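# Commentary on secondary and tertiary structure
The lines below spell out each chain.
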Amino acid sequence: MPTMPSLLWDVFCQVVDNHGDLGVCWRLSAQLTERGHRVRLWVDDPSALAWMAPRGSEGVDVRHWHGEPPTGLPPGDVLVEAFGCDIPDAWVLAVAPQPGPWINLEYLSAEAYVERMHGLPSPVMCGPLTGRTKHFFYPGFTPATGGLLREDDLQARQARFDRGTWLQTHAPGWAGEQVVSLFCYEPANLGTWLDHLRQPGQATTHLLVAPGRPTAAVRQHLGDGADHGPLHITWRPHCSQLEFDQMLWASDLNMVRGEDSLVRALWAGKPLVWHIYPQHDGAHQAKLQAFLDWLDAPPDMRAQHLFWNADVPASLPPMAPSRWTTAIAAARQKLLSQDDLVTQLLKIVANIP
């Protein structure tokens, strides 16, 4: 692809409740700047960036999205409407007074409709923006989708990573036992899983519990202590995206949630269990099954996902995460052979009149 001239991107993000949308938008914005572009990241609540991206990123201009639209701005070249945040017409006209590429960045899914919908135009048929066109951009796991966010130096950084040193620093008391990271919502079977890990006779486990909802859910069941028989807990603080990635690299099993952490767990290449964002109509179950089908997940990995995403208490199925490594490695290799999300996004933008 020919080198694209530097463009000014306006990325709009609305923080719902779990910072995942902001995490994706920050990674996208930072990667665009690494390729020579400028980005105005409009966020209704940017406070989490203080720990998520404490060093910032040169070229990302974080702006608070609230109230009346700004005036007197240099016009942007590309507009990104992330995850259905529904930019008001007046704000579109404020940042992009002239029609140009307008990308509707959708949520990640392995379902079949993603390949059908990716790249399709969506004309605006009424109001002051009549005549403009949005284009759907669907992240995904196959070459016919928009791909996944991936930094150019990701593999090199992983190759340099010193797991032992990281754990000695960030997992006090670690002495070579298995390490499990926990980043979840409130699974119905969390208590059953924790009780299994702390049963006498179980292999020692060092559990790295993410802050916020995971910490609250675990403490509700176990209390504030760190030692529970063979289960030892490190209560993790809020951390940068880089440090979160390193936690996944350091762990033997990653229990992740939402979109951004699933992608990062896939790049980590370690066994994983995904706690998908629950939807009231149950649509998340079809999304979960589509992901497991794409992954060609072994039977016990599928069973563990169903257990972890169940709405009601259930018995813990047998699991052997070490046997999941083959499926994860094959999936990671497929993804590495495909263009990353930013590369594909730049191609689409270059081809929009």
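Description of the structure in this document. Given the structure is predicted, the values throughout are model-derived calculations rather than measurements. (Residues numbered from 1 in each chain as written. Predicted model: local features only at pLDDT ≥ 70, side-chain atom pairs only at ≥ 80, totals over all residues. Heavy atoms only, no water.)

Quick look at helix α9 (residues 241–250) now. By the criterion of burial, α9 is predominantly enclosed, with nine of the 10 residues buried. Taken together, the buried positions of α9 are Q241, E243, F244, D245, Q246, M247, L248, W249 and A250. (Buried < 20%, exposed > 50% of the residue type's maximum accessible area, 1.4 Å probe, protein only. Helix = DSSP H or I, 4+ residues; strand = E, 2+ residues; numbered from the N terminus.)

So, about empty space enclosed by the protein. A complete count under the given rule lists two cavities of 30 Å³ or more for this structure. Elements represented by at least two residues in the lining of the largest cavity include exactly α1 (20–34) and α10 (260–268). Per-element accounting of the lining of the largest cavity gives the leading share, three residues, to α10. Within the lining of the largest cavity, the residues separate by chemical class into seven nonpolar, one polar and four charged. In this structure, the second largest cavity spans a volume of roughly 30 Å³. Residue lining of the second largest cavity: G147, L148, R150, W267, L335, Q338, D339 and D340, and that is the complete set. Each residue belonging to the lining of the second largest cavity can be placed in one class, and the counts come to three nonpolar, two polar and three charged. (1 Å grid on protein atoms, 1.4 Å probe; cavity = no way out; pocket = protein on both sides within 12 Å on 5 of 7 lines; lining within 4 Å. Points joined across faces, edges and corners; volume = space filled by probe spheres on them. Nonpolar A, V, L, I, M, F, W, Y, C, P; charged D, E, K, R; others polar.)

When helix α7 (residues 190–197) is considered as a whole, its buried residues turn out to be L190, G191, W193, L194 and L197. Burial along α7 is one-sided: seen end-on, the buried residues are contained in an arc of 160°. (Arc of directions from axis to C-beta.)

Next up on the list: the layout of surface pockets. A volume near 460 Å³ is recorded for the second largest pocket. What lines the second largest pocket is a set of 18 residues, and nearest its centre among them are W26, E34, R55, Q241 and L242. Elements with a minimum of two residues in the lining of the second largest pocket: α1 and α9. Per-element tally for the lining of the second largest pocket: the top contributor is α1, with five residues. Classifying every residue of the lining of the second largest pocket gives six nonpolar, five polar and seven charged.

This brings us to unusual backbone geometry. Its identity as a non-glycine residue notwithstanding, F83 has a phi of 55°, on the positive side. You can call F83 buried: its relative accessible area is 8%. In this structure, D296 is a non-glycine residue whose phi angle is positive, near 55°. Within the element layout of this structure, D296 appears in the loop between α11 (283–295) and α12 (299–308).

Glancing now at the sheet that holds strand β4 (residues 78–82). Strand order in this open sheet of seven strands is β3-β2-β1-β4-β5-β7-β6, and the pairing throughout is mixed. Strands at the two margins of the open sheet, each flanked by one partner only, are β3 (60–64) and β6 (121–123). With strand direction ignored, the average angle separating the axes of adjacent strands in the sheet is 25°. In this fold α1 packs onto β1 (8–13), β2 (38–43), β3, β4 and β5 (102–105), with an angle of close to 165° to the strand it touches most, β2. (Pairing = 2+ DSSP bridges. Axes fitted to C-alpha atoms, helices over the stretch in contact; angles between N-to-C directions. Contact = heavy atoms within 4.5 Å.)

Contact geometry of α7 with helix α8 (residues 213–222) gives a least axis separation of 10 Å together with a crossing angle of 65°. Our pair here, α7 against α8, has a crossing hand that is right-handed. The segment α7 lies against α8, with L190, G191, L194 and D195 engaging A217, V218, H221 and L222. Split into classes, the residues belonging to the contact of α7 with α8 amount to five nonpolar, two polar and one charged. (Left-handed = near helix turned anticlockwise from the far one by under 90°.)

Summed over all chains, the structure comprises 20 salt bridges. Across the salt bridge formed by R27 and D260, the nearest N and O atoms sit 3.0 Å from each other. You can see R27 sitting in helix α1 and its partner D260 sitting in helix α10, a full 233 residues away along the chain. By relative accessible area, which is 4% here, R27 ends up buried. Given a relative accessible area of 15%, D260 falls into the buried group. Note that D61 and R63 form a salt bridge whose closest N and O atoms lie 2.8 Å from each other. Several salt bridges share partner residues, and in doing so they unite R27, E151, D153, R157, D245, D260 and R264 into one network. (Salt bridge = Lys/Arg side-chain N within 4 Å of Asp/Glu carboxyl O.)

Between helix α6 (residues 163–170) and α9, the least distance of the axes is 10 Å, while the angle of their chain directions is 115°. Judged by the angle between their axes, α6 and α9 are roughly perpendicular. When you trace α6 past α9, the crossing you get is left-handed. Between α6 and α9, the contacting residues are R163, W166, L167 and H170 on the first element and E243, Q246, M247 and A250 on the second. For the contact of α6 with α9, a count of residues per class yields four nonpolar, two polar and two charged. (Parallel < 35°, antiparallel > 145°, perpendicular 65-115°, else oblique.)

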